[in-house]
Amino acid sequence: ERAIADYSEAIRLNPKYVTFYNRANDRAAAGDPEGAIADYSEAIRLNPEYAPAFLNRGNARYSRDDLEGAITDYSEAMRLDPEDPVAVYNRGNTRVMARDLEGAIADYSEAIHLNPDYVEAFYNRAIAHRNAGDLEAAIADVEHGARLAPGDEDFPRLLDKLRKRLQENGRA
């Protein structure tokens, strides 16, 4: 709360986009997504080319179940910073929630293209492939993710489930 008060005073004295952005981050961390969205929006108004404000406003909108708003913000963050795999990954997560598995798979693929070691993107793309019924693609992603993160126990568990499901489907 003290940091938010300090940012509020700094904004009163000299309103700059970065101060709104920093206060927004503190508001988001304090569980105030509405306040965070308002501050990210003001930071964007002051500097419409600042990709992190769009990314984090997307996160705040996602936390409020504003999936359309989050997708719009992530898309704008991607336009402003096309090399950032986090914005495209987050948009993929949002598309899963919006039941757009094809779009989510495309986003996870782009995130992996931008960062070939993006373990979470391999895992989430595997889940999206599984949910879309493509068990072979899901298994390939899990196997690749397991090689990237050999100590991560989630990959072997998911791989076992996928292989069992594939066997069951083969017997059907």
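The rules behind these values
- Residues numbered from 1 in each chain as written.
- Predicted model: local features only at pLDDT ≥ 70, side-chain atom pairs only at ≥ 80, totals over all residues.
- Heavy atoms only, no water.
- Helix = DSSP H or I, 4+ residues; strand = E, 2+ residues; numbered from the N terminus.
- Buried < 20%, exposed > 50% of the residue type's maximum accessible area, 1.4 Å probe, protein only.
- Core = buried A, V, L, I, M, F, W, Y, C linked by side-chain atoms within 4.5 Å.
- Contact = heavy atoms within 4.5 Å.
- Expected span 1.5 Å × (residues − 1).
- Phe/Tyr/Trp six-rings, centres within 6.5 Å; stacked < 30°, edge-to-face > 60°.
- Axes fitted to C-alpha atoms, helices over the stretch in contact; angles between N-to-C directions.
- Parallel < 35°, antiparallel > 145°, perpendicular 65-115°, else oblique.
- Left-handed = near helix turned anticlockwise from the far one by under 90°.
- Nonpolar A, V, L, I, M, F, W, Y, C, P; charged D, E, K, R; others polar.
- Polar contact = N/O pair within 3.5 Å; in protein donor to acceptor, adjacent residues only side chain to side chain.
- Salt bridge = Lys/Arg side-chain N within 4 Å of Asp/Glu carboxyl O.

A. View of the environment of K161. With respect to the element layout, K161 can be found in helix α10 (residues 154–171). The exposure class assigned to K161 is exposed, which follows from its relative accessible area of 59%. K161 sits 72 residues away from Y89 along the chain, and the two C-alpha atoms are 24 Å apart.

B. Quick peek at the nonpolar core. The biggest cluster of nonpolar side chains holds 31 residues, and the ones touching the most others in it are Y21, Y40, A53, Y89, A111 and A121. Those residues in contact with A53 that sit more than four places away from it in its chain are Y21, Y40, A43 and I44. Among the nonpolar cores identified, the runner-up in size contains 11 residues, and A126, A138, A149 and L159 belong to it.

C. Structural context of helix α4 (residues 51–63). The terminal C-alpha atoms of α4 lie 19 Å apart, and with 13 residues this matches the ideal 18 Å at 1.5 Å per residue to within 8%. Along α4, the residues classified as buried are A51, A53, F54, L55, N56, R57, G58, A60 and R61. At its buried positions, α4 is contacted by α2 (17–29), α3 (33–46), α5 (67–80) and α6 (85–97). Backbone geometry just downstream of α4 places D65 in the positive-phi region, at approximately 65 degrees.

D. Expanded view of the packing of aromatic side chains. All chains considered together, the criterion is met by 6 aromatic pairs. With a centroid separation of 5.1 Å and 85 degrees between ring planes, the pair formed by Y21 and Y50 is classed as edge-to-face. Residue Y21 is found in helix α2, and its partner Y50 is found in the loop between α3 and α4; the two are separated by 29 residues along the sequence. When sorted by exposure, Y21 lands in the same class as Y50, which is buried. Seen in terms of ring centroids, Y123 and F155 are 5.4 Å apart; in terms of plane orientation they differ by 85 degrees. Their pairing is edge-to-face.

E. Up close: the packing of α2 against α3. Across the interface, α2 lies against α3 with an axial gap of 8 Å and an inter-helix angle of 160 degrees. Here α2 is positioned roughly antiparallel relative to α3, judged by the angle of their axes. You can see that α2 and α3 cross each other, and the crossing is left-handed. Contacts from Y17, F20, Y21, R23, A24, N25, R27 and A28 in α2 reach G35, A36, D39, Y40, E42, A43 and L46 in α3. Class assignment of the residues belonging to the contact of α2 with α3 gives a composition of 9 nonpolar, 2 polar and 4 charged.

F. Focus on helix α9 (residues 135–148). When the terminal C-alpha atoms of α9 are compared, their 20 Å separation across 14 residues agrees well with the 20 Å that a helix rising 1.5 Å per residue should span. Taken together, the buried positions of α9 are L135, A137, A138, I139, D141, V142 and G145.

G. Representation of the side chain of R95. Relative to the assigned elements, R95 resides in helix α6. At 3.2 Å, the side chain of R95 forms a polar contact with the side chain of D107. When sequence neighbours within four positions are dropped, the list of residues in contact with R95 reads I71, D100, G103, A104 and D107.

H. Structural view of the pattern of salt bridges. Following the criterion strictly, the structure yields 15 salt bridges and no others. E76 serves as the salt-bridge partner of R79, at 2.6 Å between the closest nitrogen and oxygen. Pair noted here: R79 and E76 are both in helix α5, with a separation of 3 residues, about one helical turn. Across the salt bridge formed by R157 and D154, the nearest N and O atoms sit 2.7 Å from each other. Linking R157 with D154, this pair stays in helix α10, spanning 3 residues, or about one helical turn.

I. Main features of the packing of α6 against helix α7 (residues 101–114). With their axes 8 Å apart at the nearest point, α6 and α7 run at an angle of 160 degrees to one another. Judged on the interaxial angle alone, α7 and α6 are roughly antiparallel. Judged by the sense of rotation from one axis to the other, the crossing of α6 with α7 is left-handed. Between α6 and α7, the residues in contact are P85, V88, Y89, R91, G92, N93, R95 and V96 and G103, A104, D107, Y108, E110, A111 and L114, respectively. Residue classes in the contact of α6 with α7 are distributed as 8 nonpolar, 3 polar and 4 charged.

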